[in-house]
Amino acid sequence: MFSGPRRWGAGGDYERVPEGPEAQKCNPEKSASFFSRMTYSWFSRIILLGYKKPLEREDLFELNESDSSYIVCPIFEKQWRKEVLRNQERQEIKASFHKEARARKPSLLYALWNTFKFVLIQVALFKVFADILSFTSPLIMKQMIIFCENRQDFGWRGYGYALALFVVVFLQTLILQQYQRFNMLTSAKIKTAVIGLIYKKALLLSNVSRKRFSTGEVINLMSADAQQLMDLTANLNLLWSAPLQILMAVSLLWQELGPAVLAGTAVLVLVIPINALVATRVKKLKKSQTKNKDKQIKLLNEILHGIKILKLYAWEPSYKKKIVEIREQELEVQKSAGYLAVFSMLTLTCIPFLTRISLGRLEDFLNTEELLPQNIETNYIGDHAIGFTNASFSWDKTGIPVLKNLNIKIPEGALVAVIGQVGSGKSSVLSAMLGEMEKLTGVVQRKGSVAYVAQQAWIQNCILQENILFGSTMQKQFYEQVLEACALLPDLEQLPNGDQTEIGERGVNISGGQKHRVSLARAVYSGADIYLLDDPFSAVDVHIGKQLFEKVIGSSGILKNKTRVLVTHNLTLLPQMDLIVVMESGRVAQMGTYQELLSKTRNLTHLLQAFSEQEKAHALKRVSVINSRTILKDQILEQNDRPSLDQGKQFSMKKEKIPIGGVKFSIILKYLQAFGWLWVWLSVASYVGQNLVGIGQNLWLSAWAKEAKHMNEFTEWKQIRSNKLNIYGLLGLMQGLFVCSGAYILTRGSLAASRTLYAQLLDNVLHLPLQFFETSPIGQIINRFTKDMFIIDMRFHYYLRTWVNCTLDVIGTVLVIVGALPLFILGIIPLVFLYFTIQRYYVASSRQIRRLAGASRSPIISHFSETLSGVSTIRAFGHEQRFIQQNKEVVNENLVCFYNNVISNRWLSVRLEFLGNLMVFFAALLAVLAGSSIDSAIVGLSISYALNITQSLNFWVRKACEIETNAVSIERVCEYENMGKEAPWIMSKRPPAQWPNKGIVEFINYQARYRDDLGLALQDITFQTHGEEKIGIVGRTGAGKSTLSNCLFRIVERSGGKIIIDGIDISTIGLHDLRGKLNIIPQDPVLFSGTLQMNLDPLDKYSDCQLWEVLELCHLKEFVQSLPKKLLHEISEGGENLSVGQRQLVCLARALLRKTKILILDEATASIDFETDNLVQTTVRKEFSDCTILTIAHRLHSIIDSDRVLVLDSGRITEFGTPQNLICQKGLFFEMLTEAGITQDSVTK
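Since this is a predicted model, take the numbers as computed values, not measurements.

Scoring rules and cut-offs
Residues numbered from 1 in each chain as written. Predicted model: local features only at pLDDT ≥ 70, side-chain atom pairs only at ≥ 80, totals over all residues. Heavy atoms only, no water. Pairing = 2+ DSSP bridges. Helix = DSSP H or I, 4+ residues; strand = E, 2+ residues; numbered from the N terminus. Axes fitted to C-alpha atoms, helices over the stretch in contact; angles between N-to-C directions. Contact = heavy atoms within 4.5 Å. Buried < 20%, exposed > 50% of the residue type's maximum accessible area, 1.4 Å probe, protein only. Arc of directions from axis to C-beta. Phe/Tyr/Trp six-rings, centres within 6.5 Å; stacked < 30°, edge-to-face > 60°. Lys NZ or Arg CZ within 6 Å of the ring centre and 35° of its normal.

Trainee: Describe the sheet that holds strand β12 (residues 1001-1008), naming the residues involved and giving the relevant values.
Mentor: Spatial ordering of the open sheet is given by β13-β12-β15-β16, a layout of 4 strands whose pairing is antiparallel. Of all the strands in the sheet, just β13 (1018-1024) and β16 (1064-1065) have a single pairing partner and so form its edges. Where β12 and β13 come together, 4 bridges link them in antiparallel fashion. Within the sheet, the bridge partner assigned to Y1006 lies in β13 and is I1021.

Trainee: Pulling in residues and values, what's your account of the sheet that holds strand β4 (residues 403-411)?
Mentor: Read across the open sheet, the 3 strands follow the order β4-β3-β6; overall the sheet is antiparallel. The sheet terminates laterally at β4 and β6 (438-446), the two strands that pair on one side only. Recorded for the sheet is a direction-independent mean angle of 0 degrees between the axes of neighbouring strands. Where helix α14 (residues 426-434) meets the sheet, it contacts β3 (384-394), β4 and β6, and its direction lies at approximately 110 degrees from that of β3.

Trainee: I'd like a rundown of helix α3 (residues 44-52), residues and numbers included.
Mentor: Buried within α3 are the following residues: S44, I46, I47 and G50. For α3, the angular spread of buried residues about the axis comes to 160 degrees, placing them on one side. On its buried face, α3 is in contact with α28 (824-869) and α30 (880-930).

Trainee: Lay out the pairing of strand β8 (residues 530-534) with the relevant residues and their values.
Mentor: On a regular strand, one side chain projects to one face of the sheet and the next to the other, so that they alternate. Counting buried residues in β8 gives 5 out of 5 residues, a clear majority hidden from the surface. Residues I530, L532 and D534 line one face of β8 and the alternating positions Y531 and L533 line the opposite face, and both faces are buried. Relative to strand β9 (residues 563-567), β8 runs parallel, the two being bridged by 5 bridges. Pairing of Y531 across the sheet is with R564, part of β9.

Trainee: Tell me about the packing of aromatic side chains, and name the residues and values.
Mentor: Applying the stated criterion across every chain yields a total of 30 aromatic pairs. Look at Y758 and F785: their rings are 5.5 Å apart centre to centre, the planes differ by 75 degrees, and that puts the pair in the edge-to-face class. Remark: F785 occurs in helix α27 (residues 778-820) and Y758 occurs in helix α25 (residues 714-767); sequence separation between them is 27 residues. By relative accessible area, which is 2% here, Y758 ends up buried. Between F1003 and Y1006 the ring centres are 5.5 Å apart and the planes differ by 80 degrees, which places this aromatic pair in the edge-to-face class. Across this residue pair, the class does not change: F1003 and Y1006 are buried. Residue placement shows K322 over the ring face of Y319; its charged tip is 5.6 Å from the ring centre. Between R1150 and the ring centre of Y313, over which it is positioned, the NZ or CZ distance is 5.8 Å.

Pasting the structure below:
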């Protein structure tokens, strides 16, 4: 994910290690000559290389050290800290004078100014010189017109004026391009600095702040709002430069026209307040649009993380509708802003207003509550590792205490168990130890470093070895010892590249048990003093759990001398504990050793009774001796219905595909089709009209001036003035109408294109198969919905419009000059040839650099999203600085591409403007050579047009390149259109409304594979269930259990054979007709932000009464009734404000609500206590008694009471029959029972 090798130094510094191509491509700018730097000739080698072959990241020049994120971010963070301290001092001074002084937030703008003020001043000076030179050209042109009128000094003076004009415009080009270079790079540095600060803040947010700012909102701050600040910097100098240019223009016009210039000035002054009002309106619109973007990204992020649930429950249309509704609100705002854009000065006036919104949002985020390290005392006298004294905690300072009056002392080196029912506060105790909760009262003490294993394992998108090392240096012997203790050695044999295998985002390509064991191995390898373990055995088989306890956590394990706090539901471990804490309703109900609690309290006795009843019901009798060969061979039955990296499912995360070569015209055509051909031709007509009228106005003025010059009497001039002025005014009115109609047409067309392309993108993404999401980083997908759609929404139509305008300008200019000076055609032909040659070389490189930049944005979002999901683990290990450094790396990669893009643009501009300057010189030279054969008014017109053609031609080539390079965004948005999709959701053949009514599932010679280039994951599967039968599905890791359930839902399509449910071949009906009629309770409890009611019933099919019924059956009714908003209780992102056990019960309620004839169970009670598990199992048996139940076995005792058991091995059925018959056969099932410690006698009891 991160480019280039890095090392985590002993001193805490994270260093870049230059090697290979990176070292070879050091930046040559510093060593280049003055002329080379001014003309960017040192960059020519990249342009030439890009013309010969598609550029790759290794070909690009590295940043200058001062421009890199490694330098920029720390300097800005230092200034921000100073601003925060200054603000605190100001508030204290105000408070001493005024008791009710209004609190003022630290200013992000001041911090940015203090960081970048010197370079911003340098940029402003470049702009001043460029503006002065731009007004020198008209003065020289005035002298040329005077010279042509008099003709007395024919000769050297005319040539001198022509040469002076060339020198001035050439100097202006060089200075303007330096201004653009420093301006763009400074704006990028500001964006980089702000992203770095947002990332650092995200790692420090308190729980209250995390609820307030969802992952989607933080990502939007990082992309949209940081981009807005970048845009401000890029346009900052226009705020003073535009008024300066107006003043200079007015002063020059006053010298020529006198008081007449005041009329135009009055109009300008009148327009400014109108534009200010418009800008205020746009500010409100943009604020609304930003909120919609936040909602959209938040929902998208959740949909992509929970896509499996959406597909299994056929909920895609419901969530698609939610996204489209938010998108329509955003487009309404965009439409209003587009109509207001008719006002020419709008962009200039809006810059400070729009940026104020982003600044406000960023300041709001950067000033939110952080975790308070002082909540936990680390320097204290005592022999306890962790201590609570009268401590109460809440997730919110103003909220109800979740943990009350904790008084716990945990000795150093002790093994402690925290037990209790679902929602009793077990995981919250660990959060309090980590400092993740708000301390309301009391004292918390903790001594030494911490390692944390979360209940839901957090896995990084990197190789397995890096997941375990987690920034530590490799110690081979200890590393192998950890792998063996955590039962990972057999997994490494299965993985394609052993511990060098890349693990996908969220660990999608390893099983649930493997994720938990990698997470445990990471903690063990860290060598911490304190280990906080949140139910690490929930996703592994009893047998493996026993090994992990003995070899890692127990009295003879690797961690035997460490302090260990274990949250667990496995009560058989309690006798081996040094201390047991029994939690009940957020309080410590009992605490002591196993024997003390057994003799003093009934609570533990009740828990043990519940456990023993369950053990008896499942007839478990553990074998005391387990030989080591069995441990290695078993690899437990720990399927989490996640694909394991076996022969049938070798997934690896796809790197973002970077296209090469030119953007196909079909891509532009696709945009124009979405734009609407009617709006396309109307747009072209309006722009042709306004350009023709503009040329007509200038020619009319020229002719008027020529006539007036030959008139001797003022009365004669007055007679024609009225007629000439009326026609000139009419032409002006026509041009105004063309401009307004063009703006309206463009807005309508661009909105249609945005709506169509977004809808197509969303539809394409939701129709992609699940495997795509399991092998593609979410950042890649979100990047298309954010940055690429932003370019389509706001930029692409602007580039098209500008290109059309520039094309018409160039054609008009050439015609006017050639009409006045026919010989000009001789000079323009070679210049046009040179223009196209330069463009051809530039586009090849620029296009590929833009693609590389687009691809380099995805890792930023992916890393950001990954960090936010694992922030508790990162903070627990104390690795904030390492992750901040990694963020700097991915941001720096994007910055390298941006830098090369900026320099390539400047390289092009210098060369194009130089050719334009030659055109100006030729026009002036020809005017001098023409002598008296040409009128001075025509000379003025032709030279002024020649001055304009420099910018027009430059813009024309630039915008042609921009269209091609930005068309990459359309290319990326349309990329998913040609990918393999799932079958249609609805087909012409639809099953009866009551189907399936029997629940008979039949597999006939069924075969399936995950990809065409992989072997069969299922081979010749043939079996049939009876109606209302309970089937257990077992097998070792990679046997094909998860594949079988995936095939039922057509997550994986058949390669041969068929599946028939109640007489209907499932391949002949639509996916939603199939999935909507099946039911599944998956192991991963996925919830979405929104109300509890929405999570239970997103399609709004059921009444409140039905919802309360299922909540009661799931033992959640009492909990929900205690909530202030009850069913309308807001679930936070990912369900973080519920315990994992409660989330699983909500998922069970969801399944009960949509009760169907066929249910697939995937160990749905792994994260709940045994007592609740008993109640839930009873509920499932009772409520689904008339259903066919297929149980994918995670723990063998869960399928012992099945009617029949299906045993899979290497994708084939090896055994199928009743448990008793299979035991008698003494085959694979019997072998697995024996390995799991279940005897024949206990099964038949």
